[in-house]
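A look at the structure
Spelled out from the first residue to the last, the chains are:
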Amino acid sequence: MEDAIPYRPARGWFPTSPSSSSSSFGGVTMRMTVAENAVVVVGRRGCCMVDVARRLLLGLGVNPVVREIGEEAAAVEEAAALVEAVAEVGGTGADRRPSSKLPVVFVGGRLLGGLDRLVTAHITGDLVPILKDAGALWL
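An account of the accompanying structure is given in this report. Keep in mind it's a predicted model, so treat the numbers as computed, not measured.

What counts as what
Residues numbered from 1 in each chain as written. Predicted model: local features only at pLDDT ≥ 70, side-chain atom pairs only at ≥ 80, totals over all residues. Heavy atoms only, no water. Helix = DSSP H or I, 4+ residues; strand = E, 2+ residues; numbered from the N terminus. Contact = heavy atoms within 4.5 Å. Areas by Shrake-Rupley, 256 points an atom, 1.4 Å probe, with all protein chains shown as cover. Core = buried A, V, L, I, M, F, W, Y, C linked by side-chain atoms within 4.5 Å. Buried < 20%, exposed > 50% of the residue type's maximum accessible area, 1.4 Å probe, protein only. Pairing = 2+ DSSP bridges. Axes fitted to C-alpha atoms, helices over the stretch in contact; angles between N-to-C directions. Arc of directions from axis to C-beta.

1. Overview of the overall build of the chain
Summing up its helical and strand segments, the chain has six helices and four strands in all. Taken from N to C terminus, the helices and strands of the chain fall in the order α-α-β-α-β-α-β-β-α-α. Within the chain, residue pairs in contact and separated by at least 24 positions form 61% of the contacts whose partners lie at least 6 positions apart. Total accessible area on the chain is roughly 9000 Å²; 56% of this is exposed by carbon and sulfur atoms.

Below is the structure:
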């Protein structure tokens, strides 16, 4: 007879409390989220620009993962450290400098940039090929 897959309640689908954003989404977990998903939008909780980026991507047929961080200093520092770490690894191009302002968009595990870079790539027609290369678009 086949062995059953053990149930692990320690890792749930949702964070245990929305107020613990720095412990739930910061550091290694945030890096894993960026690495495991095709498109990730990281921004401050309640920011309307996060919704603008999300709606632009949804309009193109992409379902982005949205991670909202709180106003706590630790959460903001962790998001800025994530952007700088990705920039050091080579996530940004040579002509772009890393930006720590939020929201930021990661496509295929690489830093695309802020909302301004997302809209610029959309207007120039560069966004759809970038999304296809990342595996976020199927057509």
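2. Focus: the nonpolar core
Counting 16 residues, the largest nonpolar core has V39, L57, V62, V105, L118 and L131 as the members making the most contacts within it. Among the elements of the structure, β1 (39-44), α3 (48-59), β3 (104-107), α5 (115-124) and α6 (127-134) are those that each provide at least two residues to this core. Among residues more than four places away in sequence, those in contact with V62 are V39, L57, L131, A136 and L137. Within the second largest apolar cluster, eight residues are counted, among which are V34, V40, V104 and F106.

3. A word on the sheet that holds strand β4 (residues 110-114)
Reading across from one edge, β2-β1-β3-β4 is the order of the four strands in this open sheet, with mixed pairing throughout. Across the chains shown, the open sheet's two edge strands, defined by having one partner strand only, are β2 (65-69) and β4. Pairs of neighbouring strands in the sheet enclose a mean axial angle of 20°, with direction left out of account. Of the strand pairs in this sheet, β1 and β3 are connected by four bridges, and their pairing is antiparallel. Counterpart to V40 in the pairing with β3 is F106. Most of the contacts of α3 go to β1, to which it runs at about 160°, and overall it touches β1 and β2. Relative to β4, α5 is tilted by about 95°, and along the sheet it contacts β3 and β4.

4. Considering the side chain of T33
Turning to its location among the elements, T33 is positioned in helix α2 (residues 28-36). The class of T33 is buried, set by a relative accessible area of 8%. Those residues in contact with T33, other than ones at most four positions away along the chain, are V40, V65 and R67.

5. Some points on α5
Listed in full, the buried residues belonging to α5 are L115, L118 and A121. Buried positions in α5, seen along its axis, are confined to an arc of 130° and lie on one side of it. Those residues of α5 that are exposed and angled more than 90 degrees off the buried face are I123 and T124. Among the structural elements, α3, β3, β4 and α6 are those in contact with the buried residues of α5. Phi turns positive, to about 90°, at G125, one or two residues after α5.

Limitation: the analysis is restricted to geometry and does not speak to function.
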